[in-house]
Every structure is written in C-alpha cells, then in structure tokens.
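# Overview (structure and organization)
Given next are the chains, with one letter for each unit.
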Amino acid sequence: MIRTEHLCKSYSHSSQYEIRAIYDINVTISKNSFVVFNGPSGSGKTTLLNVMGTLDRPTAGKVFLYGEEITPFSDIALARLRREKIGFIFQDFHLIPRLTSWENVAYPLVPRGIGYKERFERAKLLLEKMGLGDRLDHTSEELSGGQQQRVAIARALINNPEIIIADEPTSNIDEETSVQIRELLNELKARGVTILVATHDAMFEKVADVVFKMKNGRIL
Amino acid sequence: MNKHLNLLFLATENLLRHRAKTVVVCLCLIAILSPFITAIAISEGVRGQSLISVNAGADLYLTYDEFGRNAAVPLKYLDEIKKIFGVTRVVPRIIGRGFLQNKLAIIVGINQEDVPESISCVSGRLFENSHEVVVGYELATHFHLKTGDQFSMRCQQRKVFTVVGIFSSDSSIWGASMIFMSFRDAGELFGKQDVATDIQIHTLPGHNSEIATDLYDIFQHEAYRLQDKQMVSLYVKKGFMLKEGIFSAFYVVAFALGVPAILVASGFGLSERKKEIGIMKATGWQTLEVLELISMEQLLISFLGATIAILLSVLWVKSFNGAFIAQFFIAEITMLPRFTLPARFLPLPCLLSFFFAFLLTMVGSVYSSWRSSTASPVVLMK
C-alpha cells in the first residue's frame, strides 16, 4: 500500500551544514496492517511519517501509494490525498483553540461542501463513540489531554480515511487513556484501516503487525 | 456552491471568534475611510449648491480686468448696457470682505429692487432703508446679534448698521458669514462711489454672443472681462477639483500610514493563525480554499468597516455638521460650522470606500496569508 525507495530528508541549518533527519529509508507497508516505528527522540520517526503522510516533501527518494509514485504530485493533489485517504493524529493534538470539540472534528468537512447539520451529526456520532458525547460544545482549553487526543482522533476519522498516521499519540496523556487509544487504533485496524504509529511506547509493539526500529534517521 | 457558502459562514464565525482583531481592523478602516467619505460628501454638497447658485444667477458677468484679475466696473455704462437688445435685467453688485470685530465677513451690496427672490430664508425682514442689514446665521450667532441690534463696521469708512434680519441656518452656505445691505451703503462702507465689483446681466436665450459684440463696442477702449454662466460654472467645478485634489494629496499620506496600521492589526494572532492554517492543510484543505477563506474574512471585515465608516460619515455631517473637516471646502468658517452644511452622499465614493477597505485589508494580510497558505503544514504547525 505504501512503499518508500531510498527516502531521504535533510534540513539545512545554514549554507554550511545540513542535518539528515532520515536517510535511505526503504519500507513497504501492506494494506490493513498495524505498523509501529519505534526509536529514541531524534531518530527520524516523525519526519518519516510526515513524508509518507504527504505533510512534507522528501529531499530525495520516492514514496509510492497504491503503487503510484506520489513524490512529484502537486500541492493540490497531495491535499486531496490527505483529505480522501489519510487521517493524522499528532502528539500535541493540534486542535484549533477557539473551536468547540465538534467544530474541530468537523473542520475538514467544511471545504467539502457538507452542510452544517450533517457536519454536526457526523462529528457528534464520532465524539459519542470516543466517549465525549457530553463535551461537544467544550473548547480544547476546557478538555483534559486525553479528551483532546480523542477529539483529534475523531477529527482524523471524520473523512473515513484508509490510513491513520499517529505521531506519539500517547505521549502527552495518562496511562488509562493510552490504553483506550491503543484499543481504539486496534479497532480501526480491525475495520480495515492501515495504522502507522511513531512511538516510544513499548505497549504498541504488542498490538503491531510490524515494528520498525529506527536510529539516527535509519531503519535498523 | 455549498463549499463557498460553508467558507463564507466559517469566515463570519472566525471574525466573531477573533473579536479583538476584528474590532481593531474595523477601527483602523473607520479612521481612514470616514474622513474621506465625509469630505467628499461635503465637497459634493458645496459644489452642488454652488452650481445651483450659478444656474440661478445671471447669464453674463461683467467686470474690469486689472493685472489679470477682476476689478470694479464703473456704473456710468449701466444705461447703455440696459439698452442692448436681448438684455432683460442689469444688476450691479458690490461684493467685498471686511472685518466685523475680529471676524471676516462677506459684504454684499445690492439695490433693494434687485434682491433675488431666492433670498427668503430670513428671520426678520430684508433691508428697506439706509443702514439696515441682514446678517448671516454664523455671524449673528457668534456676536449674539438679533433684529434691532446695532453694530459698527469699518472698511474705508466707519458706519453703524441696524440688524433687521438674519439668514436662517438652513439657507445657502454663502449666507453664513454674509452681511447683506443696500448698494449705496456698501459703496459708502468701501469708500467707492459709482462703481460695482461686477454687473450681472440677465439676457434672452440665445442672445449672448450678440450682446457680447455690443458690449465690445461700449467697452472697446477699456480692459474688461465678460464671463458667461458656463464659464463661471467651469471655474466653480475647477475650484472644487483643486480643493479635492489637495485633500486627496493629504489623504494619500493618511492612506499610506493606514496600510502599516492595518498590517500590524492584521498581524495580531499571526502565529495562532499560521498554526491554524497548518492544521487546515494537514486535514486536507487546499491552498486555494485557505486563501478563499482568508479573502472572505477580509471581504466581510472591509464590508463591515466601510459600512460603519459610511454611517459615521452621515452622522458626522447630519449631527455634527461636518465639524473640523468643512473648513477644507468652505473658506472663513469655524471648526464647528453654525449653519447647516450642504452634503451629498453619492454612490460612487461609497462604493470606492468599500473597494479601498478591501484593498487595505488585502494589502495588510495578503503577503502573510499567501506565505502561510503555501508553506508546508509541518512548518506551519511547529
């Protein structure tokens, strides 16, 4: 489903030197698998997920999605891919502060031309599944870390994506919520969604189909 | 269509969510646009009233010409002019300026039988005898003059006048600082007998060129100046264009200062906005959709700002009588005019103000918005 060939990403800090975040990554991820990228901080997990998830462009190498190379795609085509096929869960939740839970969840539906009522219904349904049915009108400032992450997961699911990319989804939340989130991702996998997780959390390895260990921007 | 409607509603919600920023940008727009709209409205009003006066006035204006300027014309030719075929009425006038205490007044001297019918907005009555005057509303208010009061005035001669009437506040602006008296009194006051500052000649339609030829025969050895209605009207228009031009020059400076103000105001919460755009892009928003949303926000805020600016301008003119700004367009008036200021709110300046508002907000935000919406989501969300 997702394949990378000699994928590299560097950041130049000045004209004199550059930092290689990932280097020569070759992975193949099959459909409906639960893949975990594990490694210490700075090992390149987040960069790899960002590049595979089209949030960032590689410096060199290729990314294939369903056999088609997406590296040369335009920004518009990549945005369409993200809208239709990929949902993101971030370590810092990345909710829009002034919006309520349901508005955050429904935000990706706005440019799709879906009306207010349907947006609300779809967001409500997902938030109820996340156990946040009573927090629909709460802003992110009024929610705990675990609740915010569940809102972020609901937002990732609102477009019924085929791939979920989660970057350290449990690092900023308590253990009880971490368990819930792992179970939730496992449930999604059971429903046919491909899950890619970058994490320090060793517990994810128990539910993963494949685990890639990373260090210094390379897969070990 | 639904997508654009969604974006429009979201833009409205965003403006309400970021109230402080919306208010600051609106205030900047109002501060920039309101004086502009007010000034143009006053200018148009005064211009309109001037042109009405010109149209209601004589067909030809005769003066002498000295050093390229209008000069007094002797009355000895009056009878000859009256005899020209096509001339229906000849009105000699003295129009001058003099101080009433510390205040400059326009002195108009005219024979009682020549007083135009349009001068009716007077409380009291028009002058009938020597030393009787009608005073403008602004002067009367300033000096607490009422009918029956007396005042003295010195130009070349010192004279004591009795106020018999006062122009009402809603009469023509020309009446505001005017002292209206008999032709003889005005001549005595300025120490000039047997001359008029100009002679108004009313004619039958289509006779102007023939009358001009006859006048040439009468004044062939004199330097004189003959102006018709169209010419006077052209001068009036030109004069206002010049005033508007000077005002516009001032305004360009204000406009140039306004752009950075809007830029600063639009920059409030920029880091929060950048992050928001990053999230939008990460969740599948396209660059054009982000830009459309931002443009709609700017469009709404400029519509709001311009609408309030127009309403405030109407209030400025109607309730505060164009205070502090009318001086640009009407000479010799105080910062707070005491007469009803003529003003016309034409559609074009109002539409232009919407355009300016949109231009200002777009100039203030387009660069940061463009950079944000074209950057990678990862960079924006950092």
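Keep in mind the model is a prediction, meaning the values are calculated, not measured. (Residues numbered from 1 in each chain as written. Chains lettered and ligands numbered in written order. Predicted model: local features only at pLDDT ≥ 70, side-chain atom pairs only at ≥ 80, totals over all residues.)

### Focus on the overall build of chain B
Looking only at helices and strands, chain B has 11 helices and 13 strands in total. In summary, chain B has a C-alpha radius of gyration of 29 Å against a globular reference of 21 Å for 382 residues, an excess of more than 25%. Classification of the 382 residues of chain B by burial places 37% in the buried group. (Helix = DSSP H or I, 4+ residues; strand = E, 2+ residues; numbered from the N terminus. Rg over C-alpha atoms; globule rule 2.2 N^0.38 Å. Buried ≥ 20, exposed ≤ 12 C-beta atoms within 10 Å, placed from the backbone.)

### Describing the overall build of chain A
For chain A, the helix and strand inventory stands at seven helices and 11 strands. Oriented by its inertia axes, the alpha-carbon framework of chain A measures out at about 50 × 40 × 35 Å.

### What to know about the sheet that holds strand β9 (residues 194-199) of chain A
Residue and element names in this part refer to chain A. One open sheet holds the six strands; their spatial order is β7-β8-β9-β4-β10-β11, and the pairing between them is mixed. Two strands lie at the open edges of the sheet, namely β7 (86-89) and β11 (218-219), each paired on one side alone. Sheet topology places strand β4 (residues 34-38) next to β9; five bridges connect them, and they run parallel. By the bridge assignment for β9, Val36 is matched with Val197. The strands touched by helix α5 (residues 145-157) are β7 and β8 (163-167); relative to β7, the strand with the most contacts, the crossing angle is about 170 degrees. (Pairing = 2+ DSSP bridges. Contact = placed C-beta atoms within 7 Å. Axes fitted to C-alpha atoms, helices over the stretch in contact; angles between N-to-C directions.)

### Some thoughts on the pairing of strand β1 (residues 60-66) of chain B
Residues and elements named next belong to chain B. In this structure, β1 lies alongside strand β13 (residues 224-228), joined through five bridges in antiparallel fashion. Residue Leu62 lies in a different strand from β13, and its bridge partner there is Leu226. Strand direction decides the pairing type here: β1 and strand β12 (residues 198-203), joined by three bridges, are antiparallel. Considered in β12, the bridge of Tyr61 is made with Gln200. Connecting the antiparallel pair β1 and strand β2 (residues 69-71) is a turn made up of two residues, with Phe67 showing a positive phi of about 55 degrees.

### Some details on the interface of chain A and chain B
With 21 residues of chain A at the interface, the matching set in chain B holds 20 residues. In terms of residue class, the side of chain A that touches chain B is built from nine nonpolar, five polar and seven charged. (Nonpolar A, V, L, I, M, F, W, Y, C, P; charged D, E, K, R; others polar.)

### A closer look at the environment of A:Arg155
Within the secondary structure layout, A:Arg155 lies in helix α5. Residues A:Arg155 and A:Leu127 lie 28 residues apart in sequence; the distance between their C-alpha atoms is 9.0 Å. Among residues more than four places away in sequence, those in contact with A:Arg155 are A:Asn104, A:Val105, A:Tyr107, A:Pro108 and B:Thr283.

### With respect to the domain arrangement of chain B
Taken domain by domain, chain B comprises domain 1 (2-51 + 236-381) and domain 2 (73-196). Look at where the C-alpha atoms of domain 1 of chain B and domain 2 of chain B centre, and you get two points 46 Å apart. (Domains from an automatic or database assignment.)

### Section: the confidence of the model for chain B
Residues and elements named next belong to chain B. The predicted model of chain B has a mean per-residue pLDDT of 84, with 92% of residues at 70 or higher. No element of chain B has a lower mean pLDDT than helix α7 (residues 229-266), at 73, and none a higher one than strand β11 (residues 195-196), at 94. Scored by ipTM, the complex comes to 0.91, with pTM at 0.74. (pLDDT = per-residue confidence, 0-100.)

### A closer look at the pairing of strand β1 (residues 2-12) of chain A
Residues and elements named next belong to chain A. Alignment of β1 against strand β3 (residues 28-29), held across two bridges, turns out to be antiparallel. Across the sheet, Ile2 pairs through a bridge with Ile29, a residue of β3. In this structure, β1 lies alongside strand β5 (residues 60-65), joined through five bridges in antiparallel fashion. Considered in β5, the bridge of Arg3 is made with Phe64. As defined by bridge partners, β1 adjoins strand β2 (residues 18-25) across five bridges and the pair is classed as antiparallel. Residue pairing in the sheet places Leu7 in a bridge with Ile25 of β2.

### Looking at helix α1 (residues 45-52) of chain A
Burial of α1(A) is extensive: eight of the eight residues sit out of reach of the surface. Positive phi shows up at A:Thr54, right after α1(A), with a value of about 70 degrees.

### Some remarks on the packing of α5(A) against helix α6 (residues 175-190) of chain A
Residues and elements named next belong to chain A. Running from amino to carboxyl end, α5 crosses α6 at an angle of 15 degrees, the nearest separation of the two axes being 10 Å. Looking at the two axes, α5 sits roughly parallel to α6. α6 is crossed by α5, and the crossing has right-handed handedness. In this structure, α5 contributes Gly146, Gln149 and Ile153 to the contact, and α6 contributes Thr177, Ile181 and Leu184. Taken together, the residues of the contact of α5 with α6 break down into three nonpolar, three polar and no charged. (Parallel < 35°, antiparallel > 145°, perpendicular 65-115°, else oblique. Left-handed = near helix turned anticlockwise from the far one by under 90°.)

### A few points about unusual backbone geometry
It is generally the case that most residues other than glycine have a negative phi and that most peptide bonds are trans. Positive phi is not limited to glycine here, since A:Asn32 has a value of about 60 degrees. Tracing the backbone shows A:Asn32 in the loop between β3 and β4.

### What to know about the nonpolar core
Judged by nonpolar contacts, the single largest core of 103 residues is most densely connected at A:Ala154, A:Ile164, B:Leu29 and B:Leu33. When residues of this core are assigned to their parent elements, the largest contribution, 14 residues, is made by helix α2 (residues 19-56) of chain B. Those residues in contact with A:Ile164, other than ones at most four positions away along the chain, are A:Gly87, A:Ile89, A:Ala156, A:Leu185, A:Leu188, A:Val193 and A:Ile195. If you look at the next biggest cluster of nonpolar residues, it comprises 39 residues, including B:Ala58, B:Ala140, B:Val163 and B:Leu215. (Core = buried A, V, L, I, M, F, W, Y, C linked by C-beta atoms within 7 Å.)

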